[in-house]
Amino acid sequence: MQQHDPTELPQAAAAAQSDALHVAGARLSSRLFLGTARYPAPSILADAVQAARVEVLTVSLRRLAPETQSGQAWWQRIQALGRHLLPNTAGCHSASEAVTLAQMAREIFGTHWIKLEVIGDDYTLQPDPWGTLQAAQTLVHDGFAVFAYTTDDLVTALKLRDAGVAAIMPWAAPIGTGAGPRNLPALRTLRERLPDSVLVVDAGLGAPHHATQVMELGFDAVLVNTAVAEAGDPVAMARAFALAVDAGRIAHRALPMRQREVAQASTPMVGVPFWHQTAAA
Amino acid sequence: MNTVSMPMRLLRLNGQPVQTACATLAELLRAQGYDVSHAMACAVNRQFVPRADWAQRALQPGDEIEVVSPVVGG
């Protein structure tokens, strides 16, 4: 795979580097978090990380059989990338399961960061707000920096904020759908009502313009996995997402215009050729 | 040589039944063929057991042990 020189990035994207994201004690230049699952090969994941200059990677934990050694090679490769690791609690269906898995993750990955997922419905993989909040409260008390996966529900987000999580991660759409933001007004409300919280859109983004949309709203970062990993060229798609995230961030800071309901000519009307006043009836 | 037979315990290891005479978690992991130098973490009865406690963590009949390691994730 081709390695991309960071200096190849457009000026606008490079300018975004001065707009760092501070979260859980880290200073991040990249606002694109990347999942590590579903890539055709580990080398392609590594190339995608390099191409998009990703700084945060999500990982997970699963049962280990004694005869299984292959996972160790993968783990060494991930470590060699030298990125921030954000372990998740994917697959947990209760607060207690999530808390235990978070503690296991802290020991293995050597980080107090945890992407908290407590699933409430197996069909939609919709998070359980009660279990998530309960686990978040326990984990924050135990010294974790909690990145809480949730829906776009405002009250849940407010309670997670009050619990002291490091970041709130509302979905754009159900995990793996690639549907893009299904409820932009709800996401806009979250941003407006939680102006001081770190908000990271997680799940459901399928294309770079989805990332731009939510970044334009003022979200602090996005997390994508399937949209990159299952692209025909994951390395190129990772780079496209990185540029889209930067574009949205820059646009947000540039204060987009307000939408209007009716047309308004942008070209001056004074001095329009061929114009003449029609006679009054 | 100690000829006293150790009591056998029926446990669950990653969801599978295991009959063992191992008295501690560390002994069980070695007996089951785990290379404990690898990245792995354990829980017993859904309670996290830090690596430093594996040698002291006594096993009881019916214990449910989980052993996990890093994998890809979104």
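Above this text is the structure in question.
Residues numbered from 1 in each chain as written. Chains lettered and ligands numbered in written order. Predicted model: local features only at pLDDT ≥ 70, side-chain atom pairs only at ≥ 80, totals over all residues. Heavy atoms only, no water.

Chemist: How would you explain the sheet that holds strand β9 (residues 145-150) of chain A if you had to name every residue and give the values?
Modeler: Residues and elements named next belong to chain A. Spatially, β6-β9-β10 is the arrangement adopted by the three strands of the open sheet, whose pairing is parallel. Only two strands of the sheet have a single neighbouring strand rather than two, namely β6 (113-116) and β10 (167-170). Taking each pair of neighbouring strands and ignoring which way they run, the sheet shows an average axis angle of 15°. For β9 and β10, the ladder comprises four bridges, and the chain directions are parallel. Of the residues in β10, the one forming a bridge with Phe-147 is Ala-167. (Pairing = 2+ DSSP bridges. Helix = DSSP H or I, 4+ residues; strand = E, 2+ residues; numbered from the N terminus. Axes fitted to C-alpha atoms, helices over the stretch in contact; angles between N-to-C directions.)

Chemist: Help me get a handle on the nonpolar core, residues and values and all.
Modeler: Counting residues in hydrophobic clusters, the biggest one holds 71 residues, and the most contacted among them are Leu-32, Leu-34, Val-146 and Val-222 of chain A. No other element matches the nine residues that helix α4 (residues 95-109) of chain A contributes to this core. (Core = buried A, V, L, I, M, F, W, Y, C linked by side-chain atoms within 4.5 Å. Buried < 20%, exposed > 50% of the residue type's maximum accessible area, 1.4 Å probe, protein only.)

Chemist: A description of the pattern of salt bridges should follow, citing residues and the corresponding values.
Modeler: Counted under the stated rule, the structure contains 11 salt bridges over all chains. Between Glu-97 of chain A and Arg-46 of chain B there is a salt bridge, with the nearest N and O atoms lying 3.0 Å from each other. Remark: Arg-46 of chain B occurs in the loop between β3 (41-44) and β4 (47-49) and Glu-97 of chain A occurs in helix α4; the pair is interchain, linking two chains. A relative accessible area of 52% means that Arg-46 of chain B is categorised as exposed. In this structure, the salt-bridge partner of Arg-191 of chain A is Asp-220 of chain A, at a minimum N-O distance of 2.8 Å. Of the two residues, Arg-191 of chain A is situated in helix α7 (residues 184-193) and Asp-220 of chain A in the loop between α8 (208-216) and β12 (221-224); the sequence distance between them amounts to 29 residues. By relative accessible area, Arg-191 of chain A is classed as buried at 11%. (Salt bridge = Lys/Arg side-chain N within 4 Å of Asp/Glu carboxyl O.)

Chemist: An account of the interface of chain A and chain B is requested, with residue identities and associated values reported.
Modeler: By convention, interface size is frequently given as the accessible area that disappears when the constituent parts associate. Contacts between chain A and chain B engage 29 residues on the former and 25 residues on the latter. Contact between chain A and chain B buries roughly 2,300 Å² in total, counting both sides, with carbon and sulfur atoms accounting for 60%. Looking at the side of chain A facing chain B, the largest losses of area belong to Arg-63, Leu-64 and Met-104 of chain A, adding up to 28% of the total buried there. Here chain A and chain B share two salt bridges between them. Close ionic contact of Glu-66 of chain B with Arg-63 of chain A constitutes a salt bridge, the shortest N to O distance being 2.7 Å. Here chain A and chain B share 16 residue pairs in polar contact (both at pLDDT 80 or more) between them. Listed by contribution, the elements that provide at least two residues to the side of chain A that touches chain B are β4 (56-63), α3 (70-81) and α4 of chain A. The dominant element in the side of chain A that touches chain B, judged by the number of residues it contributes, is α4 of chain A, at seven residues. (Contact = heavy atoms within 4.5 Å. Buried area = accessible area lost by both parts, 1.4 Å probe. Polar contact = N/O pair within 3.5 Å; in protein donor to acceptor, adjacent residues only side chain to side chain.)

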